[in-house]
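Chain by chain, the residues:
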Amino acid sequence: MKKRAGRPSLGEAYKIQERILAAAAKLFEVYNFKAVSIRQIAEEADVSVAMVSYYFVDKAGLFAHLLDQVFSKIQEQIKVIDADENLSIIDFIKSYSNLLIENPWFPVFLAKEVYFGDSALKASVLSRYSEDINPLLLDMINQEIEKGNFREDIDPKFALITIGSLLHHPWTIKATATKDSSNLSYTTEAMEKLMQHNCKMFLYGVTER
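As the structure is a prediction and not an experimental result, all values here were calculated from the model.

**Student:** Looking at this structure, how should I read the packing of aromatic side chains?
**Tutor:** Each aromatic ring pair is described using two quantities: the centre-to-centre distance and the angle formed by the ring planes. Tallying each qualifying case throughout the model produces 13 aromatic pairs. Seen from their ring centres, Phe-71 and Phe-106 are 5.8 Å apart, and the 85° between their planes marks the pair as edge-to-face. Note that Phe-71 is positioned in helix α4 (residues 59-83) and Phe-106 in helix α6 (residues 105-115), a separation of 35 residues in sequence. Just as Phe-71 is buried, Phe-106 falls in that class too. Note on Trp-171 and Tyr-186: the rings are 5.5 Å apart at their centroids and 50° apart in plane angle, and the pair reads as tilted. In this pair, Trp-171 is assigned in helix α8 (residues 156-176) and Tyr-186 in the loop between α8 and α9 (188-204), connecting sequence segments 15 residues apart. On the basis of relative accessibility, which here comes to 23%, the residue Tyr-186 falls in the partly exposed class.

Now the structure itself:
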């Protein structure tokens, strides 16, 4: 008698969920949120539609899980840096840049759905930044000013905008331009070089020191 398939083990369930999340991230990097269906995600992950619904209920639930993963990593990065006096806002720029390289769907989503879109997710994402991320970063910038590492005439809020622009603008070009006029390569090597450049630009500008 053929044995009936039971529920997947915890280890198998985790692998299935990660496969579904990876498939969704891959699709969200290319298509708008509204354009991606649960069926497309299921096909990309090589699972049934029912399996996607079982673990995440619907597309919104799946996407919320993806966002939670990213924002949890960002908050963890900030906590680690804030707890070590040898680390600074520059270390955050480096770690955040690496996070964007590892999760290219996220900055593309921000450009398409938050900066230039009218997605229902827009308000939720912006509140995550304004309530959970930005206050911590502003505190780090103020600490740098108090330590004498940054000039006293630096406005922390403007400094935060500068950091955000340096980090996200290249991905905005990728998400919204029909042709990248900057001819920027989005390979890991190229983005790591850009990260180093951004750190120098933020600290020293472009004038001779």
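Now that the structure is up, let's keep going.
**Student:** Could you clarify how one ought to interpret the pattern of salt bridges in this entry?
**Tutor:** If charged atoms from side chains of opposite charge come close, those side chains can pair. Within the structure shown, the criterion is met by 6 salt bridges. Among the ionic pairs, Glu-44 bridges to Lys-26, the shortest N-O distance being 3.1 Å. Taken together, the residues Glu-44 in helix α2 (residues 38-45) and Lys-26 in helix α1 (residues 10-30) connect sequence positions 18 residues apart. A salt bridge links Glu-29 to Lys-174; its shortest N-O distance comes to 3.1 Å. Of this pair, Glu-29 sits in helix α1 while Lys-174 sits in helix α8, and the two are 145 residues apart along the sequence. Among the charged side chains, a salt-bridge network with shared partners connects Asp-68, Arg-128 and Asp-132.

**Student:** Help me understand the side chain of Lys-59 in this model?
**Tutor:** Within the secondary structure, Lys-59 sits in helix α4. Buried within the structure, Lys-59 lacks any salt-bridge partner; its nearest side chain of opposite charge belongs to Glu-113, at an N-O separation of 8.5 Å. Not counting residues up to four positions away in its chain, the partners in contact with Lys-59 are Phe-28, Phe-33, Lys-34, Val-36 and Ile-38.

**Student:** Help me out: how do you make sense of the nonpolar core in this one?
**Tutor:** Nonpolar side chains tend toward joint burial in soluble globular proteins. Counting residues in each nonpolar core, the largest one holds 59 residues, and the members touching the most others are Ile-20, Ile-74, Ile-89 and Phe-106. If we skip the residues at most four places from it in the chain, Ile-89 touches Leu-137, Met-140, Ile-141, Glu-144, Phe-150, Ile-163 and Phe-202.

**Student:** Could you clarify how one ought to interpret the side chain of Lys-112 in this entry?
**Tutor:** Examined against the element boundaries, Lys-112 turns out to sit in helix α6. Buried Lys-112, no salt bridge; nearest opposite-charge side chain is Glu-113, N-O distance 7.0 Å. Side-chain polar atoms of Lys-112 contact the backbone oxygen of Val-30, separated by 2.8 Å. The contact partners of Lys-112, leaving out residues within four places of it in the chain, are Glu-29, Val-30, Tyr-31, Asn-32, Gly-117 and Ala-175.

Each value, and the rule that gives it
Residues numbered from 1 in each chain as written. Predicted model: local features only at pLDDT ≥ 70, side-chain atom pairs only at ≥ 80, totals over all residues. Heavy atoms only, no water. Phe/Tyr/Trp six-rings, centres within 6.5 Å; stacked < 30°, edge-to-face > 60°. Helix = DSSP H or I, 4+ residues; strand = E, 2+ residues; numbered from the N terminus. Buried < 20%, exposed > 50% of the residue type's maximum accessible area, 1.4 Å probe, protein only. Salt bridge = Lys/Arg side-chain N within 4 Å of Asp/Glu carboxyl O. Lys, Arg positive; Asp, Glu negative; His and termini not counted. Contact = heavy atoms within 4.5 Å. Core = buried A, V, L, I, M, F, W, Y, C linked by side-chain atoms within 4.5 Å. Polar contact = N/O pair within 3.5 Å; in protein donor to acceptor, adjacent residues only side chain to side chain.

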